[in-house]
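Chain by chain, the residues:
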Amino acid sequence: MPEAPRRLRPHRRIIPGVLAASSLLLSGCGVVAATPTTSMPTHFDEAAGSLSASLSVTAPSEGKPAPGRVPVYWLGVNGSDVHLYREFQPAETSGDPIVEAVVAMTSDKPADPDYFNPWSTAGSVTASISGKNVITVDISSDAFKTSLDAGMAHRAVQQLVYTATAAASNAGLTTVGHAPSVVLLVDGKAGYRAFGHESLDGQLERDASLVAPIWIIDPQQGDGTGPSLRVHGAAVSEGGQISWRVEPIVDGRPAEDAVQTGYAELDAPTGGTSLYNFSVDLSPGEYSVSVFHGAERADEDSKRVTVYSDVN
């Protein structure tokens, strides 16, 4: 007999002050049009964007498990496109990892102010997973209140697919040999048209073209470290190296003069993806660390961190 899906406990959390569509306005980045519809940047070329080099991150490659935390994906503007970025959020319970992550995705805010979230708080989320890594998520329709254009709607749905599959992997719920997928029900029914554009039929898989081309995995925004700052991430190679820059925070903003700059090696050939690492010894204080391609600082990801003289 086939293995019965593992049912995770329903989770219900209502949080006041949910982001309205108008509050998703991202000043100066062109993400939100003059109307309350959250839109792709006006200079976005869909054909070019779909062919751009990108990371291909599958659930088993999410990295080391993070006990007590759940992975959540957010959206971030990157040049003329909008990509997916991951943060780890504290878990409220220990029994519902997929539900915890999806609820956090709909109701929380990213720690990094460069990221944003187009979802509204879901009043109800339930989840189960089969032995073949098919994750069924049943989410209430109140999560889809924001008005999105077609490109943003696809990215929002992928945000949920990435979050659910990452949470299953992080919790050790996936089995080897089967690519994870998500069946997304809305109010218990299949075939919902998410945000008025994205049809939720069948098993949804990760769209690998949407992951950010440069990504700082660790440290996360606001982390404390020291006295040595160790940076770990992943990037698409554009010639074997990526650039990095560390700037002190002065009067709340990164100073123009960098403390240190350098390069990190990428093992992958051009167009491939690779992990990178580098370390910087710094005096105590607050810093911005950025990783990017070339002199134009293309595909940049950055994090603010605090360096201490000693970290126990």
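Residues numbered from 1 in each chain as written. Predicted model: local features only at pLDDT ≥ 70, side-chain atom pairs only at ≥ 80, totals over all residues. Heavy atoms only, no water.

Visitor: Requested: an account of the overall build of the chain, with residues and values cited.
Guide: Check the secondary structure of the chain and you find 3 helices and 20 strands. In the chain, of all internal contacts separated by at least 6 residues, the share reaching a separation of at least 24 is 68%. Put simply, the chain shows about 14,400 Å² of open surface, and 50% of that area lies on carbon and sulfur atoms. (Helix = DSSP H or I, 4+ residues; strand = E, 2+ residues; numbered from the N terminus. Contact = heavy atoms within 4.5 Å. Areas by Shrake-Rupley, 256 points an atom, 1.4 Å probe, with all protein chains shown as cover.)

Visitor: Would you mind going over the environment of Met-152 in detail, with residue names and values included?
Guide: If you trace the backbone, Met-152 turns up in helix H3 (residues 150–170). On the basis of relative accessible area, Met-152 is assigned to the buried category, the value being 0%. Sequence separation between Met-152 and Thr-38 is 114 residues, and the spatial gap between their C-alpha atoms is 7.1 Å. (Buried < 20%, exposed > 50% of the residue type's maximum accessible area, 1.4 Å probe, protein only.)

Visitor: Tell me about the nonpolar core, residues and numbers included.
Guide: Among the nonpolar cores identified, the biggest contains 52 residues, and Ile-98, Trp-119, Val-137, Ile-139 and Phe-144 are the most heavily contacted of them. At the level of elements, strand S3 (69–78), strand S4 (81–90), helix H2 (97–107), strand S5 (115–116), strand S6 (125–129), strand S7 (134–139), H3 and strand S9 (181–186) are the ones that each hand at least two residues to this core. Counting residues per element, this core draws most heavily on H3, which supplies 11 residues. Not counting residues up to four positions away in its chain, the partners in contact with Phe-144 are Trp-119, Ile-139, Val-186, Tyr-192, Ala-194, Phe-195 and Leu-200. Leu-266, Tyr-276, Leu-282 and Val-305 belong to the second-largest nonpolar core, a separate cluster that totals 19 residues. (Core = buried A, V, L, I, M, F, W, Y, C linked by side-chain atoms within 4.5 Å.)

Visitor: Can you tell me about the sheet that holds S4, naming the residues and giving the values?
Guide: Ordered by their spatial adjacency, 3 strands build an open sheet running S4-S3-S5, and the pairing between neighbours is antiparallel. Among the strands making up the open sheet, the edge pair consists of S4 and S5. Across the sheet, H3 touches S3, S4 and S5, and the angle it forms with S3 is around 155°. (Pairing = 2+ DSSP bridges. Axes fitted to C-alpha atoms, helices over the stretch in contact; angles between N-to-C directions.)

Visitor: Account for the packing of H2 against H3, naming residues and giving values.
Guide: One can describe the packing of H2 onto H3 by two numbers: an axis separation of 8 Å at closest approach and a directional angle of 145°. Both H2 and H3 take part in a crossing whose hand is right-handed. Here H2 contributes Pro-97, Ile-98, Ala-101, Val-102 and Met-105 to the contact with H3, which in turn contributes Gln-159, Leu-160, Thr-163, Ala-164, Ala-167 and Ala-168. Class assignment for the residues of the contact of H2 with H3 results in 9 nonpolar, 2 polar and no charged. (Left-handed = near helix turned anticlockwise from the far one by under 90°. Nonpolar A, V, L, I, M, F, W, Y, C, P; charged D, E, K, R; others polar.)

Visitor: Summarise the sheet that holds strand S12 (residues 214–218); cite the residues concerned and give the values.
Guide: Overall, antiparallel pairing links the 3 strands, which are arranged S12-S14-S18 in an open sheet. Looking at strand neighbours, the two that pair on one side only are S12 and strand S18 (273–281), the edges of this open sheet. Across the sheet, the mean angle separating the axes of adjacent strands is 30° when strand polarity is ignored. Summarising the sheet, strand S14 (residues 228–236) and S18 pair through 9 bridges and their orientation is antiparallel. What sits directly across from Leu-229, in S18, is Val-280.

Visitor: How would you summarise H2 if you had to cite specific residues and measurements?
Guide: Summarising burial for H2: 11 of the 11 residues are buried, a large majority. Every buried residue of H2 is listed here: Pro-97, Ile-98, Val-99, Glu-100, Ala-101, Val-102, Val-103, Ala-104, Met-105, Thr-106 and Ser-107.

Visitor: I'd like a description of the packing of aromatic side chains, backed by residues and values.
Guide: Taken as a whole and judged by the stated rule, the model has 9 aromatic pairs. Ring plane angle 75° and centroid distance 5.1 Å describe the contact between Trp-119 and Phe-195, whose orientation is recorded as edge-to-face. Of the two residues, Trp-119 sits in the loop between S5 and S6 while Phe-195 sits in the loop between strand S10 (193–194) and strand S11 (198–199), which places them 76 residues apart along the sequence. Since its relative accessible area comes to 9%, Phe-195 is described here as buried. Through a chain of ring-to-ring contacts, three or more aromatic side chains come together here, namely Trp-119, Phe-144, Tyr-192 and Phe-195. (Phe/Tyr/Trp six-rings, centres within 6.5 Å; stacked < 30°, edge-to-face > 60°.)

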